[in-house]
Amino acid sequence: MRTYLGYTTIFLLIPVLILFIFLSYQEWSLAQSPYHVLDERIPIESIELAQNSYMKAANGKVISEISTGEKRTYLKLEDIPLFLENLFIVTEDQKFYDHAGVDLSGISRALLINSQNKTIEQGGSTITQQLARNVYLSHDRTYNRKLSELIYAYQIERKKSKPEIMELYLNAIYFSNGAYGIEAASHYYFSKPTGELSKAELAFLAAIPNNPELYNPLKHFEATKKRQERLLKQMVAEGDLEQAEYEKLIKSTIKLDLSTPVDLYPDYVTYVHQELKNLVASSEGLDKSLQSPEVAIRKKAEAELDKKVKKLLNSGVTIHTALDTKLQSQSKTAVQSKIGVNDIEGALVVIQHHTHELVSLIGGKDYKKNSFNRAYQSYRQPGSAIKPLLDYAPYLEETDADINQLVSGASYCSNSYCPKNYSGDSYGMVTLRTAFAQSYNTPAIRIFEKTGVETSFKYLDDFDFKKVSKKDHHTSSAIGGFEYGMSPLELTNAYTSFNDGNYQPARAIIKVTDQDGKVLYKWKDRSKEIWSKSTVSKMRQLLHETIISGTARKAYFPTEYAGGKTGTTNDVKDMWFVGLTANYTTGVWIGRDKPSNLQSIYSHTPHVLIWKDISQTAE
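Residues numbered from 1 in each chain as written. Predicted model: local features only at pLDDT ≥ 70, side-chain atom pairs only at ≥ 80, totals over all residues. Heavy atoms only, no water.

1. Some words on the sheet that holds strand β3 (residues 318–321)
Strand order in the open sheet made by the five strands is β2-β1-β3-β9-β10, with mixed pairing throughout. Each of the sheet's edge strands pairs with one partner strand only, and the pair in question is β2 (62–66) and β10 (519–521). Across the sheet, the axes of successive neighbouring strands diverge by a mean angle of 30°, strand direction being ignored. The pairing of strand β1 (residues 53–56) with β3 spans three bridges and is classified as parallel. Its bridge partner lying in β3, Y54 is registered against T318. Running over the sheet, helix α12 (residues 266–283) touches β1, β2, β3, β9 (509–513) and β10 and is turned about 70° from β9. (Pairing = 2+ DSSP bridges. Helix = DSSP H or I, 4+ residues; strand = E, 2+ residues; numbered from the N terminus. Axes fitted to C-alpha atoms, helices over the stretch in contact; angles between N-to-C directions. Contact = heavy atoms within 4.5 Å.)

2. Details of the packing of helix α3 (residues 82–92) against helix α10 (residues 221–237)
Between α3 and α10, whose axes approach to 9 Å, the crossing angle comes to 85°. Overall, the two elements α3 and α10 adopt an arrangement that is roughly perpendicular. Counting all contacts with α3, which are made through F83, N86, L87, V90, T91 and E92, the residues of α10 involved are R227, L231, L232, Q234 and M235. Partitioned by chemical class, the residues of the contact of α3 with α10 number six nonpolar, three polar and two charged. (Parallel < 35°, antiparallel > 145°, perpendicular 65-115°, else oblique. Nonpolar A, V, L, I, M, F, W, Y, C, P; charged D, E, K, R; others polar.)

3. With respect to the nonpolar core
Counting residues in each nonpolar core, the largest one holds 83 residues, and the members touching the most others are L389, L460 and L491. It is α12 that contributes the most residues to this core, eight residues altogether. Not counting the four nearest positions on each side in its chain, L389 is found in contact with P394, L460, F463, F465, L491, A494, Y495, S497, F498 and W531. With 49 residues, the next largest nonpolar core counts L87, I165, L202 and Y246 among its residues. (Core = buried A, V, L, I, M, F, W, Y, C linked by side-chain atoms within 4.5 Å. Buried < 20%, exposed > 50% of the residue type's maximum accessible area, 1.4 Å probe, protein only.)

4. Quick word on the pairing of strand β13 (residues 574–581)
For a regular strand, side chains alternate in direction, first toward one face of the sheet and then toward the other. Counting buried residues along β13, eight of its eight residues qualify, which places the element largely inside the surrounding structure. By the alternation rule, side chains of β13 split into D574, W576, V578 and L580 and M575, F577, G579 and T581, which are all buried. Looking at chain direction, strand β12 (residues 562–568) and β13 are connected through seven bridges and run antiparallel. Within β13, the residue paired with T568 across the bridge is M575.

5. Side note on the side chain of S497
Turning to its location among the elements, S497 is positioned in helix α21 (residues 497–500). Setting aside residues up to four positions removed in sequence, S497 forms contacts with L389, F463, N502, Y503, W531 and V536.

6. Quick notes on the packing of aromatic side chains
Taken as a whole and assessed by the stated rule, the structure comprises 21 aromatic pairs. Ring geometry for F88 and Y169: centres 5.6 Å apart, planes at 85°, overall edge-to-face. Of this pair, F88 sits in helix α3 while Y169 sits in helix α7 (residues 162–172), and the two are 81 residues apart along the sequence. One exposure class covers both F88 and Y169, and it is buried. Relative to F204, the ring of F190 has its centre 6.5 Å away and its plane inclined at 70°; by these criteria the two rings are edge-to-face. One end of the pair, F190, is in helix α8 (residues 182–190); the other, F204, is in helix α9 (residues 199–206), with 14 residues separating them in the sequence. Ring pairing ties together the aromatic residues Y459, F463, F465, Y495, F498, Y503 and W531, which thus form one cluster. (Phe/Tyr/Trp six-rings, centres within 6.5 Å; stacked < 30°, edge-to-face > 60°.)

No statement about biological role is implied by the geometric values presented.
This is the structure we're talking about:
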């Protein structure tokens, strides 16, 4: 009864509204035209519906469907079956192509049908009104909302053509279970695109939007099926469907085939989302504000960045990445199998160093999406893995020394700082080659001091280690004694400079494109030279020697080139191995989230074996 009275009130108010507009027209025209007022109050130049974005691997495979709220895949009207369009016109708005947004006879018909059936079978709202409600208004059943709906509908009709309104409508309406628009509904309920649906399946989906809760197929399948039959019967009554075809369609079996959103490779995908924010910030000039010492400025920039990223992801973009899906799967298997079932964790990074592309990233043994990602969020002391970057390469660059030059491996003590070699032994004069391959500590400290602390750190500064600061400019850093350290991604990235002497940040994102393939965002990094050709040649010999006769002999396998460096922190709390092959730079870290001794697995060298497994696979 309340529904009937409500529609009656609306029906009576419409002539009053029209009369009010007519009587006020002269007053409006003296000040501003009514159209100008409408355009100013309700600007409808473009209606943008939020839709899914997609992330793709290097092979073009979709690895993640991204939705920030409404799950929708926008479909052009020409790609939507005409049968579905006609079905909605017949059952929702028979005068769609004749009215200007409001259909008085439709409201009257709805009142009559609803009162006869004692249910809300028809709402009286035109397709344009429903579009206005879905895009601009709430679904509250109030008179104010209904009057607003009429005004919005009129304005939409002024600004949009009928085909445009129909296209927007079929993409805007809600089909329950998080699916907005016909294409999203088709994929969700039948695991196929709209163009492949039968007429019976199209009619079944068309039954849902009238009342998405009541006609939710997962909860009330029979109710949805009965409404499908009523809709088809109505098409017969209006002469848009033959009786014989109607009989055939209602007998067609409707079998749901639910799909789940694509969400693969969580380690890598989580990192890509972070990199996307960095890319947008860099492209939109927000970098400086985000790094401002002023909290208010940072917060404002962060809010602006979040808004831009959300708008971007709601626009249906494609994020093209460098992910090697085969290598990613094998990387995960290698980490899990070599560490085993315990509380020890691992992270792995693989970079194609010729292209500076991040092709694989593992954030943990059993990583869950959006959780703590050890590959880029964990900062740990690097141990001896820092020696190539902070000790040996700067020394060779500054002195042009031969790798067979002698250096003391004897005990070292300075200002009560007395580090020892890992074995605890004191060595005599040894070559740089031997000192490097065997990872002796005291020779590394001595050449670090010869180069000079500040000079050595100037080279390290080129690699953009986020948590390396002036506090780390001391002797113990020569063998990994940093306050915070670096992430596996940072350290692996820095090692790529031993490929050709140049450094450029490795990126997961190749480009971001819109639905027409236009490039919206792309990194514009430039390579910078860090090491001379002479230094690179010598460092590659030292790295290779480590695999041939040094601390990483288990990493050896026959290949064009292989070299790397192990790293172990005090009390064996962290185990590192970072190395290069002809095409890839790969870094492995193993440890516990709460640092503790790993001596029980140290002799098994899982970090070295993981690196070998992946490097062999990659090459």
